[in-house]
Structure formats: C-alpha cells, structure tokens
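What the coordinates show
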Amino acid sequence: KQWYQRRVRDLTEKLAYDSAVRKKKLQQELTQVKKETNFYLDQVDKKKQITAIKRKREEKGLSVVESGAGEPATAKQRQFAVSKTEKKIPGSLLANVFTQ
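Residues numbered from 1 in each chain as written. Predicted model: local features only at pLDDT ≥ 70, side-chain atom pairs only at ≥ 80, totals over all residues. Heavy atoms only, no water.

Below, the discussion takes up the overall build of the protein chain. When helices and strands are counted, the protein chain shows two helices and two strands. When its helices and strands are written in sequence order, the protein chain yields α-β-β-α. Buried positions account for 2% of the 100 residues belonging to the protein chain. Taken as a whole, the protein chain presents about 10200 Å² of accessible surface, with 55% of it coming from carbon and sulfur. (Helix = DSSP H or I, 4+ residues; strand = E, 2+ residues; numbered from the N terminus. Buried < 20%, exposed > 50% of the residue type's maximum accessible area, 1.4 Å probe, protein only. Areas by Shrake-Rupley, 256 points an atom, 1.4 Å probe, with all protein chains shown as cover.)

All told, the structure shown has two salt bridges when counted by the stated rule. Put simply, Asp18 and Lys14 hold a salt bridge, and the shortest N to O gap is 3.3 Å. Here Asp18 pairs with Lys14, and both are found in helix α1 (residues 2-60), just four residues apart, close to one helical turn. Between Arg55 and Glu59 there is a salt bridge, and its shortest N-O distance comes to 4.0 Å. Note that Arg55 and Glu59 are positioned in helix α1 at a spacing of four residues, about one turn of the helix. Assessed through its relative accessible area of 62%, Glu59 is described here as exposed. (Salt bridge = Lys/Arg side-chain N within 4 Å of Asp/Glu carboxyl O.)

Overall, the prediction assigns the protein chain a mean pLDDT of 80, with 63% of residues at 70 or greater. The spread of mean pLDDT over the elements of the protein chain runs between strand β2 (residues 72-74), the lowest at 53, and α1, the highest at 93. (pLDDT = per-residue confidence, 0-100.)

Here it is in structure tokens:
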C-alpha cells in the first residue's frame with residue numbers, strides 16, 4: 001500500500017513539474033515573438049516616417065540624399081573658411097632628423 005501511494009505521489013509530482021516546464025517554455029516563446037513583432041512594427045513605423053520626410057522635402061524642392069544609416073540627409077554643401085596654417089620646414093632641419 002505504501003509503495004502504491006509513493007508511486008502515485010511521484011507521478012503526480014512529475015506531471016506537475018512537466019506542466020510547469022511546458023508553461024515556462026511557452027511563456028518564453030511568447031515573449032520572444034512579442035519582441036520580434038514589436039521590433040518589426042517599429043521598423044515599419046520608422047520607414048513610414050522616413051518616407052514622409054522625403055516626400056515633404058521633395059515637395060519643398062530640396063533634394064534628398066540617402067545616408068548610410070538609411071535616414072535622409074539634405075544635399076546641402078557647407079562652405080568653411082580655411083586659413084593656411086602650413087609653414088615651410090627648413091630642409092636642414094629635416095635632414096638632421098632623418099640622419100640621426
């Protein structure tokens with residue numbers, strides 16, 4: 001009689017454990033699928049925003065250039081004033097450096 005009760009208890013515990021493991025795995029899979037879905041939807045929204053920005057810029061007459069990150073960048077070129085800072089180095093100074 002004790003053997004039978006012990007066997008039933010062991011089987012019941014095993015079924016409960018297996019059920020808990022299965023629920024945990026399903027929960028993890030569900031969480032992963034939700035993450036992937038949210039990432040995909042975020043990417044779709046980002047693409048829609050980029051497309052809307054491009055369309056608005058084209059309507060305004062600005063040219064749009066695709067940057068490396070997939071985001072639009074204007075084709076404006078900026079002009080910077082560059083002063084000459086380069087000085088001529090005497091040849092004898094260079095000769096002394098390389099001969100030593």
